[in-house]
Amino acid sequence: MRLPQPCRRGDAVALTAPASPVTKEEARRAVRALEWLGFRPRPGESLNAPPSDWRAGPAARRARELEAAFASPEVRAVWCARGGYGAAELLPLLHYEVIAAHPKPLIGYSDITALHLAIQRRCRMITYHGPMPAAGRLE
C-alpha cells in the first residue's frame, strides 16, 4: 500500500460531493471549515450542482470531478463534503489509473467508504476515514 504525502497548512484541498448534494449553506460552511484548518479549499462543481435524484449531479460528472481532483498538480488532498447515496455509482466509472498516478489523501466517511475500498484495492493507496465538513462542524 502506498501512503500519500501528508497535507500541510496552506495546501490546496479539493472539496467535492461525490454522493449526495450539498446545500449552499453546507457548501459555505465546508469551505469555511477547511479555511479554519488552514487549507485553501478548491470547491468542485458538485457543490453547486442541482440535486439529481438525491445525488450531487450525474454520476459521470461526479466521477470526472473526483479524477480531476486527483490529477490536479495544485491539489494536495481530496476531501468529500458529505457522504450519502450515490458514491457507489462512481465505482465502475472511475479511471483508477488516473487516481493511482496521483496519490493523495482521500478523506470522508459513511457512503464514501465505497470509494475508500475501491481506491485501496485498485490503486493500492491508503485513504482516510475522516470528518466531512458539510456533514458537521470541524472547527
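Since this is a predicted model, take the numbers as computed values, not measurements. (Residues numbered from 1 in each chain as written. Predicted model: local features only at pLDDT ≥ 70, side-chain atom pairs only at ≥ 80, totals over all residues. Heavy atoms only, no water.)

Visitor: Break down the nonpolar core for me, citing the residues and quoting the values.
Guide: If you look at the biggest cluster of nonpolar residues, it comprises 23 residues, and the most contacted ones within it are Leu66, Phe70, Leu94, Leu106, Leu115 and Ile119. Sorting the residues of this core by element identifies α2 (59-71), β3 (75-80), α3 (96-101) and α4 (113-123) as the ones contributing at least two each. In this structure Leu66 touches Thr16, Val78, Leu90, Leu94, Leu106 and Leu115, once residues within four positions along its chain are discounted. Judged by nonpolar contacts, the second largest core, of 16 residues, contains Leu15, Ala27, Ala30 and Leu47. (Core = buried A, V, L, I, M, F, W, Y, C linked by side-chain atoms within 4.5 Å. Buried < 20%, exposed > 50% of the residue type's maximum accessible area, 1.4 Å probe, protein only. Helix = DSSP H or I, 4+ residues; strand = E, 2+ residues; numbered from the N terminus. Contact = heavy atoms within 4.5 Å.)

Visitor: Describe unusual backbone geometry, naming the residues involved and giving the relevant values.
Guide: Even without being a glycine, Ser110 presents a positive backbone phi close to 65°. Looking at the element boundaries, Ser110 is found in the loop between β4 (106-108) and α4. Phi at Arg124 is positive, roughly 55°, even though this residue is not glycine. For Arg124, the location among the structural elements is in the loop between α4 and β5 (128-129). Judged by relative accessible area, Arg124 falls into the partly exposed class, the value being 48%.

Visitor: Can you lay out the pairing of strand β2 (residues 40-43) for me, pointing to particular residues and giving the numbers?
Guide: Summarising the sheet, strand β1 (residues 12-16) and β2 pair through four bridges and their orientation is parallel. Bridge pairing in β2 places Leu15 opposite Pro43. The β-α-β motif built from β1, the intervening helix α1 (residues 24-36) and the parallel element β2 has right-handed crossover chirality. (Pairing = 2+ DSSP bridges. Right-handed = clockwise from strand over helix to strand, strands pointing away.)

Visitor: Which residues make up the pairing of β1, and what values go with them?
Guide: Across the five residues of β1, five count as buried, placing the element largely inside the fold. In β1, alternate side chains face the same way, and those of Ala12, Ala14 and Thr16 on one face and Val13 and Leu15 on the other are all buried.

Visitor: Please give an account of the packing of aromatic side chains that cites residues and values.
Guide: Evaluation of the coordinates by the stated rule reveals one aromatic pair. Ring geometry for Phe39 versus Trp79: centroids 6.1 Å apart, planes at 65°, classification edge-to-face. Placement of the pair is Phe39 in the loop between α1 and β2 and Trp79 in strand β3, with a sequence separation of 40 residues. The class of Trp79 is buried, set by a relative accessible area of 8%. (Phe/Tyr/Trp six-rings, centres within 6.5 Å; stacked < 30°, edge-to-face > 60°.)

Visitor: So what about the environment of Glu45? Which residues, and what values?
Guide: By the element assignment, Glu45 lies in the loop between β2 and α2. Along the sequence, Glu45 and Glu65 sit 20 residues apart, while their C-alpha atoms lie 7.7 Å from each other. In this structure Glu45 touches Arg61 and Glu65, once residues within four positions along its chain are discounted.

Visitor: Before we move on, could you go through the pattern of salt bridges and cite the residues and values that matter?
Guide: This structure, assessed with the given rule, holds eight salt bridges. A salt bridge links Arg55 to Glu89; the nearest nitrogen and oxygen atoms lie 2.7 Å apart. Of this pair, Arg55 sits in the loop between β2 and α2 while Glu89 sits in the loop between β3 and α3; the two residues are 34 residues apart in sequence, bridging distant segments of the chain. For Glu89, the salt bridge goes to Arg62, with nearest N and O atoms at 2.6 Å. Residue Glu89 is located in the loop between β3 and α3, and its partner Arg62 is located in helix α2; the two are separated by 27 residues in the primary sequence. Salt bridges linked by common partners bring Glu25, Arg28 and Arg32 together as one network. (Salt bridge = Lys/Arg side-chain N within 4 Å of Asp/Glu carboxyl O.)

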